[in-house]
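Residue-level structural notes
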Amino acid sequence: QVQLVESGGGLVQPGGSLRLSCAASGSIFSIKTMGWYRQTPGKQRELVAAITGGGSTHYADSVKGRFTISRDAADDAVNLQMNSLKPEDTAVYYCKADVYSDSEFRYLEVWGQGTLVTVSS
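Here goes a summary of the coordinates provided. Only a predicted model underlies this, so the values are computations on that prediction, with no experimental measurement involved.

1. Notes on the environment of A97
Relative to the helices and strands, A97 is located in strand β9 (residues 91-101). Setting aside chain neighbours within four positions, we find A97 in contact with L4, I31, T33, M34, L108, E109 and V110.

The following block contains the structure:
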């Protein structure tokens, strides 16, 4: 079994910064892509940023230039540095990882439990 644990959400004023972290643990042989998604009530979950095992990154247009995704391969962790936050960034943020399980011998799509980010004055 593989788990993702997120941390770092909270309340921040517009223009402020937050850093989200996500650590994977369990029966992990390797991790392919890790990413952050977000969801607001009544809307579909959307991709915010993703990073491959080779370090290639992808960002949603709405966060380009403000958010930075990084990965700590040694710790099977991924971070999301969020700067210049706007009220429209308010959402529950979820970490996702494509993990090759060394107990099930297959790739698993694993999600974290979500962390709330609120941008408000």
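That shown, we press on.
2. Focus: the pairing of strand β3 (residues 18-26)
Two elements, strand β1 (residues 2-7) and β3, share 6 bridges in a ladder whose sense is antiparallel. Directly across from S7, in β3, lies its bridge partner S21. Summarising the sheet, β3 and strand β8 (residues 77-82) pair through 6 bridges and their orientation is antiparallel. Looking at the pairing, R19 lines up with Q81 of β8.

3. Considering the nonpolar core
In this structure, W36, L80, M82 and Y93 are the most contacted members of the largest nonpolar core, which totals 32 residues. Counting residues per element, this core draws most heavily on β9, at 5 residues. Setting aside residues no more than four positions away along its own chain, M82 makes contact with G16, S17, L18, L20, R66, F67, Y93 and V117.

4. Focus: the state of the cysteines
All told, the structure shown has 1 disulfide when counted by the stated rule. Here C22 pairs with C95 through a disulfide, and the sulfurs are 2.1 Å apart. One quick way to see it: the torsion about the S-S bond of C22 and C95 is about -80°, and its sign makes the bridge left-handed. Here C95 lies in strand β9 and C22 lies in strand β3, a separation of 73 residues in the sequence.

5. As for the environment of S25
Within the element layout of this structure, S25 appears in strand β3. Classification of S25 by relative accessible area gives partly exposed; the value is 33%. For the pair formed by S25 and Y107, sequence separation is 82 residues and the distance between their alpha carbons is 15 Å. When near neighbours in sequence (up to four residues on either side) are disregarded, S25 contacts Q1, V2 and Q3.

6. Looking at the packing of aromatic side chains
Two aromatic rings are characterised by how far apart their centres lie and by the angle between their planes. One pass over the full model with this rule turns up 3 aromatic pairs. Consider the rings of F29 and Y100, whose centres lie 6.0 Å apart with planes at 70°: the pair is edge-to-face. Of this pair, F29 sits in strand β4 (residues 28-39) while Y100 sits in strand β9, and the two are 71 residues apart along the sequence. Judged by relative accessible area, F29 falls into the exposed class, the value being 63%. Among the aromatic side chains, those forming a connected cluster through ring pairs are F29, Y100 and Y107. Here the guanidinium or amino end of R45 rests over the ring plane of Y94, the centre of that ring lying 3.7 Å away.

Cut-offs and rules
Residues numbered from 1 in each chain as written. Predicted model: local features only at pLDDT ≥ 70, side-chain atom pairs only at ≥ 80, totals over all residues. Heavy atoms only, no water. Helix = DSSP H or I, 4+ residues; strand = E, 2+ residues; numbered from the N terminus. Contact = heavy atoms within 4.5 Å. Pairing = 2+ DSSP bridges. Core = buried A, V, L, I, M, F, W, Y, C linked by side-chain atoms within 4.5 Å. Buried < 20%, exposed > 50% of the residue type's maximum accessible area, 1.4 Å probe, protein only. Disulfide = S-S within 2.5 Å. Phe/Tyr/Trp six-rings, centres within 6.5 Å; stacked < 30°, edge-to-face > 60°. Lys NZ or Arg CZ within 6 Å of the ring centre and 35° of its normal.

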